[in-house]
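Reading the structure
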Amino acid sequence: MEKQTAREVFEYVIEQGKKEYQVQRYKGLGEMTAPQLWETPWTPTPHAPSGRLEDIAACEEIFTTLMGEDVEARRKFIEENALDVKNLDI
């Protein structure tokens, strides 16, 4: 058995991982077809979370922190929460 480089192993893993999935990127919802939109997380389901006022307030606070002009607040938030990330779209 020949020895594989780290790059070859990485490429093999990526190739195998893509076999069952199709990855698509969109700049906005306007680029998606109606059936694709129905498959998004915004599709109403019986299990969809309900919005509570507390959730909206927390969301507004996080959004303002991450999108606002206070760079130090944004940096602090990212540093404090970076290890808790479950899904990251890069």
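These figures come from a predicted structure and were not determined experimentally.

Parameters and conventions
Residues numbered from 1 in each chain as written. Predicted model: local features only at pLDDT ≥ 70, side-chain atom pairs only at ≥ 80, totals over all residues. Heavy atoms only, no water. Helix = DSSP H or I, 4+ residues; strand = E, 2+ residues; numbered from the N terminus. Buried < 20%, exposed > 50% of the residue type's maximum accessible area, 1.4 Å probe, protein only. Areas by Shrake-Rupley, 256 points an atom, 1.4 Å probe, with all protein chains shown as cover. Axes fitted to C-alpha atoms, helices over the stretch in contact; angles between N-to-C directions. Parallel < 35°, antiparallel > 145°, perpendicular 65-115°, else oblique. Contact = heavy atoms within 4.5 Å. Nonpolar A, V, L, I, M, F, W, Y, C, P; charged D, E, K, R; others polar. Patch = residues over 30% accessible without salt bridge, like charges linked within 9 Å, V, L, I, M, F, W, Y side chains within 5 Å. Salt bridge = Lys/Arg side-chain N within 4 Å of Asp/Glu carboxyl O. pLDDT = per-residue confidence, 0-100.

It is worth spelling out the overall build of the chain at this point. Helix and strand content of the chain: 4 helices and 0 strands. Put simply, the chain runs from its N terminus to its C terminus through helices and strands in the order α-α-α-α. The proportion of buried residues among the 90 residues of the chain is 3%. Accessible area of the chain: about 9200 Å², with a carbon and sulfur share of 58%.

Bringing the packing of helix H3 (residues 53-67) against helix H4 (residues 71-81) into the picture now. Relative to each other, H3 and H4 sit at 115 degrees, their axes nearing to 7 Å. Between H3 and H4, the crossing angle belongs to the class labelled roughly perpendicular. In contact with Ile-62, Thr-65, Leu-66 and Met-67 of H3, H4 contributes Ala-73, Arg-74, Phe-77 and Ile-78. Partitioned by chemical class, the residues of the contact of H3 with H4 number 6 nonpolar, 1 polar and 1 charged.

Quick look at a nonpolar patch on the surface now. A cluster of nonpolar residues, Ile-62, Phe-63, Leu-66, Met-67 and Ile-78, forms a patch on the protein surface that exposes about 470 Å² of accessible area. If you tally residues by element for the nonpolar patch, the top one is H3, at 4 residues. With respect to the element layout, Met-67 can be found in helix H3. In this structure Met-67 comes out as exposed when scored by relative accessible area, which is 58%.

Applying the stated criterion across every chain, the model contains 3 salt bridges. Here Lys-76 makes a salt bridge to Glu-80, at a shortest N to O gap of 3.9 Å. Note that Lys-76 and Glu-80 are positioned in helix H4 at a spacing of 4 residues, about one turn of the helix. Glu-80 sits in the exposed class, given a relative accessible area of 52%.

On average, residues of the chain score 81 in pLDDT, and 84% of them are at 70 or above. Ranking the elements of the chain by mean pLDDT puts helix H2 (residues 34-38) last, at 80, and H4 first, at 92.

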